[in-house]
Amino acid sequence: MTEWGKIKEDLISFLKTEVEKTGLNKVTVGLSGGLDSAVVAILCKEAFGDNLNCVLMPSQFSSKSSTEHAIEVCKKFNIKYEIISIEPMVSGFIKNMDDDKLRIGNFSARMRMSVLYDVSSREKSLVVGTSNKSELLLGYGTIFGDIACAINPIGEIYKSDEFEFARILGVPESILNKAPSADLWEGQSDEEELGYSYKHMDEVLKVMVDQNKSKEELIKLGFEEDLINRLDYRIKANAFKGKLPTIAKIRWN
């Protein structure tokens, strides 16, 4: 049985220690109305109190419920927040994106991170990330967009496990009960895009990654070959998103 109480204490300690190392005492979190950012905001509230600032950044493509759910979290936990629409930024460039949903979604994610870092600069604070382990492993995020951050307290928690943690933290049922979505366009669904549920994928990832089992071993354990191949491809193809840029080595002599 997972000791979520101990994990919560460790993550709050991690947040305090890492922020203190920078000489700052404030943090900024982008709050989307989804599970991940709600969990991070609650942890940051416990760690930093009023030195947490949450930013809601809807676009013309965001669902109304996303903003409502984000505000619900802020009101329940007495978290300071502000709403900054990225609609003008997206509108100013959208004519160049040929109605391509993926390009528009990635651009929107990068505009949100631009806003978030500007707010963090204004507040003299650190940006805290909200990507879970499932997303990071599969590269399900926008590089220099929602993946960007200074520190991340939930990057070692699988998405399917995070629901239990979120319940313990008191995340509202309205968030717990809705389908995971990056909310980059109307009706967008993480699991539909990935092709499998997080629970199904995480079962394989825990054995593939954490136990370092081979494809042959995974098949023997009863996992679907198609799913194994998809996950393996995504992990390898998107590994660059989790690394600093590779810098060429030069022989000067």
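The residue count restarts for each chain, going from 1 along the sequence in the order it is written. It should be noted that, the model being predicted, local features are given only for residues of pLDDT at least 70 and side-chain atom pairs only at 80 or more, the latter also being counted only at that level, while totals for whole chains, interfaces and linings use all residues. Based on all heavy atoms of the structure, the side-chain values leave hydrogens and waters out of the count.

If you look the chain up in an unreviewed UniProt entry, it shows as NH(3)-dependent NAD(+) synthetase from Arcobacter venerupis. UniProt positions are given in the numbering used here, feature names are shortened, and annotations may be inferred rather than shown by experiment. Database annotation for the chain, UniProt heading Function (unreviewed entry): "Catalyzes the ATP-dependent amidation of deamido-NAD to form NAD. Uses ammonia as a nitrogen source."

(A) View of the environment of K215. By definition, any uninterrupted DSSP run of H or I lasting at least four residues is a helix, any uninterrupted run of E lasting at least two residues is a strand, and each is numbered from the N terminus. Turning to its location among the elements, K215 is positioned in helix α11 (residues 215-220). Judged by its relative accessible area of 32%, K215 falls in the partly exposed class. Considering only alpha carbons, one finds K215 and E173, 42 residues apart in sequence, at a separation of 38 Å. The contact criterion used throughout is that any non-hydrogen atoms of two residues lie within 4.5 Å. With sequence-adjacent residues up to four places away left out, K215 is seen in contact with E225, I228 and N229. Side-chain atoms alone can form a polar contact between residues adjacent in sequence; in general such a contact is a pair of N or O atoms within 3.5 Å, and within protein one must be able to donate a hydrogen while the other accepts it. For K215, the side chain forms a polar contact with the side chain of N229, separated by 3.0 Å. Partly exposed describes any residue whose relative accessible area lies between the buried limit of under 20% and the exposed limit of over 50%, with all areas from a 1.4 Å probe on protein chains only and scaled to the type maximum.

(B) Highlighting the pattern of salt bridges. Salt bridge, as applied in this entry: a Lys or Arg side-chain nitrogen positioned within 4 Å of an Asp or Glu carboxyl oxygen. Per the counting criterion, the structure on display carries 16 salt bridges. With a shortest N-O distance of 3.3 Å, R230 and D226 are connected by a salt bridge. Note that R230 and D226 are positioned in helix α12 (residues 225-237) at a spacing of 4 residues, about one turn of the helix. A salt bridge links K236 to D232; the shortest N-O distance between them is 3.2 Å. Of this pair, K236 and D232 are both found in helix α12, 4 residues apart, which corresponds to roughly one turn of the helix. For D232, a relative accessible area of 31% puts it in the partly exposed group. The network of salt bridges with shared partners includes E82, R122 and E123.

(C) Fine view of unusual backbone geometry. Located in the positive-phi region is D99, a residue other than glycine, with phi close to 55°. Along the chain, the position of D99 falls in the loop between α4 (87-93) and α5 (101-123). In the Ramachandran plot, F144 falls in the positive-phi region, its phi being about 65° despite a non-glycine side chain. Here F144 shows up in the loop between α6 (133-138) and α7 (159-169). By relative accessible area, F144 is classed as exposed at 58%.

(D) Representation of the side chain of T142. Within the fold, T142 resides in the loop between α6 and α7. Look at T142 and you get buried, because its relative accessible area is 4%. Excluding residues that lie within four positions of it along the chain, T142 makes contacts with N106, A109, R110 and I147.

(E) Focus on the UniProt feature "binding site: deamido-NAD(+)" (unreviewed entry) in the chain. Within the UniProt annotation, "binding site: deamido-NAD(+)" (unreviewed entry) is assigned to R110. Along the chain, R110 falls in helix α5. What makes R110 partly exposed here is its relative accessible area of 31%. With residues up to four places along the chain from it excluded, the contact list for R110 reads T142, I143, F144 and G145.

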